[in-house]
Amino acid sequence: RAWCQAEKSKVNMASDVLRARLLKLTTTGSVLHTTTIAEIVDKNVRPVRPGFSVSDVSDQLSQAPTHRVPLVDWDGKPMALISQLSILEALAEPGQREARVGPAADLDAEEISEEVTVVPSFSMALSAFHLLQPEADGSRAVPAVAVVDEGTGVLLGEVSIDSLRVSPTEAK
């Protein structure tokens with residue numbers, strides 16, 4: 001229980017830092033008012049498809065630059081997000097931990113995925129970062145947004161809070 005309180009405190013401090021950083025970036029005249037999502041999208045994503053096992057997802061996560069991978073349909077359109085935490089939660093389900101450590105490789109990606117927020121590539125960066133802004137309680141509504149081609153809906157990449165650290169010229 002003490003560990004949970006300490007972790008909650010760390011999360012709250014990190015949220016305060018993110019909130020301050022977002023406020024600075026979202027003031028009038030900020031580069032976010034003139035930058036499109038397409039200019040800062042991280043295209044280095046490792047999507048998984050329906051039917052991928054937890055073992056397959058774990059392999060993709062181990063090679064991904066972030067702690068999550070998108071679940072896309074067979075046309076490349078985003079369906080959901082799968083994070084490292086999703087895998088741990090699936091393994092640690094009450095009464096299931098011991099039984100699932102081995103069989104976890106047989107769970108499908110869809111069983112451990114989270115809802116995904118999608119924005120078209122022509123959207124302004126400011127719009128996406130409003131979606132990523134921490135809630136009043138310190139939690140974030142979404143960890144990242146999937147950026148899609150506005151015509152086809154195919155996943156182009158993702159934008160997360162980490163994208164704040166990259167200037168539009170560095171992202172290209």
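If you're wondering where the values come from, they're calculated on a predicted model, not measured in any experiment.

Caption draft 1: Local environment of the sheet that holds strand β3 (residues 114–115). Strand order in the open sheet formed by three strands is β1-β2-β3, with antiparallel pairing between adjacent strands. Looking at the sheet topology across the chains shown, the edges are occupied by β1 (68–72) and β3. Summarising the sheet, β1 and strand β2 (residues 78–83) pair through five bridges and their orientation is antiparallel. Each bridged residue has a counterpart across the sheet, and for Val69 the counterpart in β2 is Ile82. Running over the sheet, helix α3 (residues 54–63) touches β1 and β2 and is turned about 130° from β1.

Caption draft 2: Representation of the pattern of salt bridges. Scanning the model with the defined rule gives one salt bridge in all. One salt bridge in this structure joins Arg68 and Glu158, with 3.2 Å as the shortest N-O distance. Placement of the pair is Arg68 in strand β1 and Glu158 in strand β6 (residues 155–160), with a sequence separation of 90 residues. Here Arg68 matches Glu158 in class, with each residue buried.

Caption draft 3: Region of interest: the sheet that holds β6. Ordered by their spatial adjacency, three strands build an open sheet running β4-β5-β6, and the pairing between neighbours is mixed. Sheet topology places β4 (117–120) and β6 at the edges, where each strand pairs with a single neighbour. Neighbouring strand axes in the sheet, compared pairwise and without regard to direction, differ in orientation by 35° on average. Relative to strand β5 (residues 144–148), β4 runs parallel, the two sharing four bridges.

Caption draft 4: A look at helix α6 (residues 125–132). Taken residue by residue, α6 has Ala125, Leu126, Ala128, Phe129 and Leu132 as its buried positions. An end-on view of α6 places all buried positions within 160° of arc, on one side of the element.

Caption draft 5: Molecular detail of the environment of Thr34. Mapped onto the elements of the fold, Thr34 is located in the loop between α1 (2–26) and α2 (37–40). Measuring from C-alpha to C-alpha, the distance between Thr34 and Leu126 comes to 8.5 Å, with 92 residues separating the pair along the chain. What Thr34 contacts, discounting residues up to four positions off in sequence, is Glu39 and Met124.

Rules used throughout
- Residues numbered from 1 in each chain as written.
- Predicted model: local features only at pLDDT ≥ 70, side-chain atom pairs only at ≥ 80, totals over all residues.
- Heavy atoms only, no water.
- Pairing = 2+ DSSP bridges.
- Helix = DSSP H or I, 4+ residues; strand = E, 2+ residues; numbered from the N terminus.
- Contact = heavy atoms within 4.5 Å.
- Axes fitted to C-alpha atoms, helices over the stretch in contact; angles between N-to-C directions.
- Salt bridge = Lys/Arg side-chain N within 4 Å of Asp/Glu carboxyl O.
- Buried < 20%, exposed > 50% of the residue type's maximum accessible area, 1.4 Å probe, protein only.
- Arc of directions from axis to C-beta.

Distances and angles like these do not, on their own, reveal function.
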